[in-house]
Amino acid sequence: MTDASNAAPLREKKSLLVVDARTKKRNAAEARFKMYGIIAITLGLLFLAVLLTTIISRGTGAFTQTFISVPVELREDKLDKKGNRNLEDIKKVSTFGYNPLLGDALSAVIAEGGFTTEITKSKELRKLLSSSAVGQMRAYVIENTDQIGQTVTFDFFASSRVDGYIKGRVTREDLARDKNLSAEHLDLVDQMIEAGVVRKKFNPSFIFGADASESRPEQAGLGVSMLGSLFMMLVVLFLALPIGVAASIYLEEFAPKNRLTDLIEVNISNLAAVPSIVFGILGLAFFIQFCGGYLGIAAMKASAPLVGGLVLTLMTLPTIIISTRAALKAVPPSIRDAALGVGASKMQTVFHHVLPLAAPGILTGTIIGLAQALGETAPLLLIGMVGYIASNYPDSVLSGFTDPNSAMPAQIFEWAKRADPAFYERAWGGIIILLVFLMTMNIIAILLRRRFERRW
Amino acid sequence: MSFLKLTASAVAIAAVSAPAFARDNVQVAGSSTVLPYASIVAEAFGENFDFPTPVVESGGSSAGLKRFCEGVGANTVDVANASRAIREKEIKACADNGVTDIMEVRIGYDGIVFASDIDGATFEFTPADWFNALSPKVLVDGAIIDNPNQTWADVNPAFPAQQIAAFIPGTKHGTREVFEEKVLAVGCETTGALKAMEAAGMSEDDAEDACIKVRTDGLSTDIDGDYTETLARIDANKDGIGVFGLAFYENNTDKLQVATMSGVTPTTESISTGEYPVSRPLFFYVKKAHIGVIPGLKEYAEFFVSDEVAGPDGPLAEYGLVSDPELALTQEAIANEQTIASGS
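Residues numbered from 1 in each chain as written. Chains lettered and ligands numbered in written order. Predicted model: local features only at pLDDT ≥ 70, side-chain atom pairs only at ≥ 80, totals over all residues. Heavy atoms only, no water.

- Under an unreviewed UniProt entry, the name given to chain B is Phosphate-binding protein PstS, and the organism recorded is Nereida ignava.

- Within an unreviewed UniProt entry, the label attached to chain A reads Phosphate transport system permease protein PstA, and the organism entered is Nereida ignava.
- As recorded by UniProt, the Sequence similarities (unreviewed entry) comment attached to chain A reads in full: "Belongs to the binding-protein-dependent transport system permease family. CysTW subfamily." (UniProt positions renumbered as here; feature names shortened; annotations may be inferred.)

Right, here's the structure in full:
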């Protein structure tokens, strides 16, 4: 104190309007701090921009696909030798039996369009088309046996190399040592584009279709694994929401404050930080090996969305419990006191007053928990949801839970691993779809919060 | 509490669904090398038959065979894919769990190739080059010494002075075994290192083990992931040389160039004739007890090795599988449901 009074007369007398060195220093520090902040935000935005542009520039190609329209004569002597239109006999002709028809049809297209090419062999010509073409023809013939003998125009997928050429991914130099396609094929494709036989158009089967094998990336779609994700999310929603809300209501409103509840509380927070792969191992050991194997519950098997959903439920529960408890805590005690004061029971207080007021917060937490679960991949790898799995649509709602299926992120992971570079493009495309889902869910969460949140 | 409820609801859901052996699709697990072939077959199978498309999981030969040997029933897989033959130990483990009748099906051969960046130098390897490049101990002037080779020119004056950077499959891969057996061990013998080690007092087994060791000073990297990772490593390090499956290389000829081995370029033809030395058979194993119970299982096995699919002009050969000249014998074995002798 005495120091201060002694120091006072030493102080220089100056106008407030003249900035002295110390103030300058403080002002500069503030300006620097603001700059750091702006730099941080700009960097963040820059990374986001780079990420989004990369994803969009690499992924949008997956949504369009090259198609070649070919009129095919469905010759009776090949497809129905007996001529009696017996479905069993027609089914005996395997997809390999359709190959000659396709080769002839392509030769006819070339002859009709007046294209010049060195390629004459049926097998070489068929390289322009996806190997799914014969399957598409066979499925059509089995559906429409009356069309045998007619000429039907099909829109076939072009093979992944032709598609890559049209999208600019494949060049003639790339094909020098490629045995799947040659530069002559591309010369033919150029003529076909001019004649309008080859077209690139929007490909809905990328969004709604099933996964395809490694030899036909052009046919692969995300639809079935999307269903797998949907069924998993249903399991998570119907298990994690009630359990999570019940647990938090009990902990927040009814449980006595003692060591045991403290311990539980700490452990819930710990669980929220457990890496998701741990839940995957747990799912494998408990749900599949113990419940499915030892107890013999048939539905608990590897690759089933039910098991995936249960694993993700365990992962999501802590998130939901924590956000629900926060929402319950945010309801002011005066509401509870008022309800109790007019004679409501504790349970009536909670369910009539506290819970409705906390609902927006709970919903937001749940949606964010679900979004997190939707993007989770690691635990699914351990319970066998990766591979060539998402190949069948489930027959019914029930089998949707138990039939082997993949999930969107697991499917993307699978595509990124495959040999043909065309799958890489589909992986980026899949990421776009996944991001759209996640963004929609987060926007719904924000809207709900904006619309229903009450400030006290 | 949550756990109790979880289990209770899981049991409730399970009770609604059908009992054991209600599965109507074939389930396959195992080698990631066989996965592309199995998925091609599964897809064509789904197109051509009224059965649903089989499900093919990957995860490695050992993991697949382990699941295969877990027992008999709808909860276990019907078919295990493997990039190597089943081991005695695994047959025993199977038998202990009641899986006694196992059918072995050889689908064809897979070539293992050495490839480097397309814009880099071209290589013509021999097994001896790889042994001298990767082994921790090599034979120089009659003495076994720590490997002094840092560049490929050190290994063989015909090569460019390019840093040795090898990306080889990790030990959990079946491919690694083939690499050790057909490249390192052969190189060890031809360079005379094996003889020298034995002369230095090593037992035959120890010397053979020492032959397939790989140096750990960072010039060789084990890749535990799949070939996409190896490709990414070579993309990042243009000096890198990686070990790939033939099919993977053939799908990425725009980024990779393949090296010859002992003067032979790997192609499906040179592998099927046995000229190209580094190849291995691929297998799948079928649980006989599931035939007739899981619909479509036998048809799937028959379809897999039919001439149209696994033959030299079939879709598998087109993808990169080297078709088996003895396919007819395999087809017959499946028709007769011939099993491998158990516990022998």
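1. Quick look at the UniProt feature "transmembrane region" (unreviewed entry) in chain A
Right, on to step 1. In the numbering adopted here, UniProt assigns the feature "transmembrane region" (unreviewed entry) to residues 35-56, 230-251, 271-295, 307-328 and 427-448 of chain A.
Right, on to step 2. As annotated, residues 230-251 of chain A has a helix share of 100% and a strand share of 0%, and its two end C-alpha atoms lie 30 Å apart. (Helix = DSSP H or I, 4+ residues; strand = E, 2+ residues; numbered from the N terminus.)

2. A few points about the confidence of the model for chain B
Residues and elements named next belong to chain B.
Right, on to step 1. Scored by pLDDT, chain B has a mean of 85; 92% of the residues are at 70 or more.
Right, on to step 2. Of all helices and strands in chain B, the one with the weakest mean pLDDT is helix 1 (residues 2-16) (48), whereas helix 13 (residues 297-304) scores best (93).
Right, on to step 3. Contacts of residues 10-21 to residues separated by more than four positions or lying in other chains number 19 contacts, the stretch itself having pLDDT below 50.
Right, on to step 4. Listed scores for the predicted complex are pTM 0.83 and ipTM 0.81. (pLDDT = per-residue confidence, 0-100. Contact = heavy atoms within 4.5 Å.)

3. Regarding the domain arrangement of chain A
All names here are of chain A.
Right, on to step 1. When its domains are assigned, chain A resolves into domain 1 (66-203) and domain 2 (223-452).
Right, on to step 2. Placing a centre on the C-alpha atoms of domain 1 and another on those of domain 2 gives a separation of 45 Å.
Right, on to step 3. Contacts between domain 1 and domain 2 engage six residues on the former and four residues on the latter.
Right, on to step 4. Between domain 1 and domain 2 the total buried area reaches about 370 Å² when both faces are included, carbon and sulfur atoms providing 30% of it.
Right, on to step 5. Inspection of the domain 1/domain 2 interface yields three salt bridges. (Domains from an automatic or database assignment. Buried area = accessible area lost by both parts, 1.4 Å probe. Salt bridge = Lys/Arg side-chain N within 4 Å of Asp/Glu carboxyl O.)

4. Examining the interface of chain A and chain B
Right, on to step 1. Each partner contributes residues to the interface: chain A has 54 residues there, and chain B has 61 residues.
Right, on to step 2. Counting the surface lost from both chain A and chain B, the interface buries some 4600 Å², and carbon and sulfur atoms represent 55% of this.
Right, on to step 3. If you sort the residues of chain A by the area they bury against chain B, Phe96(A), Arg177(A) and Tyr388(A) come out on top, with a joint share of 15%.
Right, on to step 4. Note that Glu43(B) is salt-bridged to Arg216(A), the shortest N-O span being 3.0 Å.
Right, on to step 5. Run the count over chain A and chain B and you get 17 residue pairs in polar contact (both at pLDDT 80 or more).
Right, on to step 6. Residue contributions to the side of chain A that touches chain B peak at five residues, all from helix 14 (residues 305-330) of chain A.
Right, on to step 7. In the side of chain A that touches chain B, the residues fall into 22 nonpolar, 16 polar and 16 charged.
Right, on to step 8. Sheet analysis places strand 4 (residues 387-388) of chain A next to strand 2 (residues 55-57) of chain B, joined by two bridges and oriented antiparallel. Paired with Gly387(A) across the bridge in strand 2 of chain B is Glu57(B). (Polar contact = N/O pair within 3.5 Å; in protein donor to acceptor, adjacent residues only side chain to side chain. Nonpolar A, V, L, I, M, F, W, Y, C, P; charged D, E, K, R; others polar. Pairing = 2+ DSSP bridges.)

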